[in-house]
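Understanding the architecture of this molecule
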Amino acid sequence: MRTGTSFMLALHAAVLLAACGGADPLDKDQVVGIPAGTARGTAASGTYAAHLQVTACSGTCTPRVCEVGRQLDADAADTQVDGRLTFDAGGVPLAGGIDADGGFVVGGWGALGALEASIRSEGTWTGDGLTGSYDLRVVGTDAGQAIDCVGESALVATRLR
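Here is a short report on the structure shown in this document. (Residues numbered from 1 in each chain as written. Predicted model: local features only at pLDDT ≥ 70, side-chain atom pairs only at ≥ 80, totals over all residues. Heavy atoms only, no water.)

Now for the overall build of the chain. A tally of regular secondary structure across the chain gives two helices and eight strands. The N-to-C order of helical and strand elements in the chain reads α-α-β-β-β-β-β-β-β-β. Considering the chain as a whole, with its 161 residues, one finds that 46% of them fall into the buried category. When contacts within the chain are restricted to residue pairs at least 6 apart in sequence, long-range pairs at least 24 apart make up 63% of them. Of the accessible surface of the chain, which amounts to about 7,000 Å², a share of 52% is contributed by carbon and sulfur atoms. (Helix = DSSP H or I, 4+ residues; strand = E, 2+ residues; numbered from the N terminus. Buried < 20%, exposed > 50% of the residue type's maximum accessible area, 1.4 Å probe, protein only. Contact = heavy atoms within 4.5 Å. Areas by Shrake-Rupley, 256 points an atom, 1.4 Å probe, with all protein chains shown as cover.)

Tracing the backbone through its elements, the reader meets alanine 44 in the loop between helix H2 (28-31) and strand S1 (46-60). Residues alanine 44 and aspartate 82, 38 residues apart in the sequence, show an inter-C-alpha distance of 9.5 Å.

All chains considered together, the criterion is met by two disulfides. Across a sulfur-sulfur distance of 2.0 Å, cysteine 57 and cysteine 66 are joined as a disulfide pair. Residues cysteine 57 and cysteine 66 share a disulfide whose torsion about the S-S bond is about -90°; that sign makes it left-handed. With relative accessibility at 28%, the residue cysteine 57 sits in the partly exposed group. (Disulfide = S-S within 2.5 Å.)

With that settled, the discussion passes to the sheet that holds strand S3 (residues 84-88). Read around the closed barrel, eight strands run S1-S2-S3-S4-S5-S6-S7-S8, paired in antiparallel fashion. When the angles between neighbouring strand axes are averaged without regard to direction, this sheet yields 25°. Sheet topology note: the S3/strand S4 (residues 94-98) ladder contains four bridges and is antiparallel. Paired with phenylalanine 87 across the two strands is leucine 94, which belongs to S4. (Pairing = 2+ DSSP bridges. Axes fitted to C-alpha atoms, helices over the stretch in contact; angles between N-to-C directions.)

Buried residues dominate strand S6 (residues 115-125), accounting for eight of its 11 residues. Summarising the sheet, strand S5 (residues 103-112) and S6 pair through 10 bridges and their orientation is antiparallel. Looking across to S6, one finds that alanine 111 is bridged to glutamate 116. Connecting S5 to the next strand, S6, in antiparallel fashion are two residues, including glycine 113 with a positive phi near 65°. In terms of strand pairing, S6 meets strand S7 (residues 129-142) through 11 bridges, oriented antiparallel. Bridge pairing in S7 places serine 121 opposite tyrosine 134. Connecting S6 to the next strand, S7, in antiparallel fashion are three residues, including glycine 127 with a positive phi near 100°.

Let's shift gears to the environment of valine 105. With respect to the secondary-structure elements, valine 105 resides in strand S5. Given a relative accessible area of 22%, valine 105 falls into the partly exposed group. Along the backbone, valine 105 and alanine 36 are 69 residues apart, and their C-alpha atoms lie at a distance of 9.0 Å. In contact with valine 105, not counting residues within four places along its chain, are Ile34, Gly96, Gly97, Arg120, Ser121 and Glu122.

Here you go:
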């Protein structure tokens, strides 16, 4: 499995900026407890080679946490049980829902070392892969510097098995 702190931070920063009824979509209350969708079965379950490209950083960021243009790769285990979908790439696990049309929204909140990360990812599952966004907000101290950083990334994942 390919992974690393920078990948997990960027991956967890790229899934956020969907409208959530006026609330901050990266707020802990918005990324935890995302409901199941309308899908049936387990077709999206599998291992995927995930690729993120950071497209935007805002707030107080450090290059280790968010750097526009950075490309990150990791293997992710996706598990679908009917409308429930989880992603695990070795950092903060993400959970949420997948609909019958392949649309998905997952999120999570957790610690990454001394940092707290709120992550939201959404997009479309197409049978052989996923495309969408991966947004995150990271708060804490990185290399002695206080940060409150929002990162946005494009997500492309291809099924390995």
